[in-house]
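# Observations on chain architecture
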Amino acid sequence: MRRTGAIKLLAGGALFAAFFLAVMERGDFLGIGGGVFAMIGIGAPGALALVGAIELAFDVPFLMLSKKWDALSGLQRGLLGTAIVIAAAVLIFGPLLLVGWLTHPET
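Rules used throughout
- Residues numbered from 1 in each chain as written.
- Predicted model: local features only at pLDDT ≥ 70, side-chain atom pairs only at ≥ 80, totals over all residues.
- Heavy atoms only, no water.
- Core = buried A, V, L, I, M, F, W, Y, C linked by side-chain atoms within 4.5 Å.
- Buried < 20%, exposed > 50% of the residue type's maximum accessible area, 1.4 Å probe, protein only.
- Helix = DSSP H or I, 4+ residues; strand = E, 2+ residues; numbered from the N terminus.
- Salt bridge = Lys/Arg side-chain N within 4 Å of Asp/Glu carboxyl O.
- Axes fitted to C-alpha atoms, helices over the stretch in contact; angles between N-to-C directions.
- Parallel < 35°, antiparallel > 145°, perpendicular 65-115°, else oblique.
- Left-handed = near helix turned anticlockwise from the far one by under 90°.
- Contact = heavy atoms within 4.5 Å.

### Here we look at the nonpolar core
- Among the nonpolar cores identified, the biggest contains 7 residues, and these are Phe16, Phe20, Val23, Met39, Ile42, Leu96 and Val99.
- Contributing elements (two or more residues each) for this core: α1 (2–26), α2 (36–58) and α4 (74–103).
- With 3 residues, the single largest contributor to this core is α1.

Below, the structure is given as structure tokens:
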């Protein structure tokens with residue numbers, strides 16, 4: 001399981017980096033501009049990388065995490081869930097906002 005997690009992490013990270021660099025170089029994403037659609041196109045490989053990171057960290061297939069999650073106590077789920085949401089938001093939206101700011105600094 002760690003091997004597939006690592007593959008997803010590396011593939012998603014590589015695609016994310018390639019799309020990020022394309023936007024930085026061209027100022028748009030595959031000719032569709034630098035708007036919302038560009039952010040979705042860049043974010044999808046980032047999501048794959050996050051799935052790979054989760055599988056790599058927990059050594060459990062992503063679709064089996066719900067059973068592990070249900071085994072936690074309520075307080076553990078609440079605290080861990082909050083930390084996961086904050087970390088995911090920073091990891092997904094941080095680079096996307098950085099791309100938008102670096103490609104359009106006037107706004």
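### What to know about the pattern of salt bridges
- The tally for this structure, following the rule as stated, stands at 1 salt bridge.
- A salt bridge links glutamate 55 to lysine 8; its shortest N-O distance comes to 3.1 Å. With glutamate 55 in helix α2 and lysine 8 in helix α1, the pair connects residues that are 47 residues apart, well separated along the chain.

### A few points about the packing of α1 against α4
- The interhelical angle for the contact between α1 and α4, taken along N-to-C directions, is 15 degrees, at an axis separation of 10 Å. Taken together, the axes of α1 and α4 lie roughly parallel to each other. Here α1 runs over α4; the crossing is right-handed. Two secondary-structure elements touch here, α1 through Phe16, Phe20, Val23 and Met24 and α4 through Pro95, Leu98, Val99, Leu102 and Thr103.

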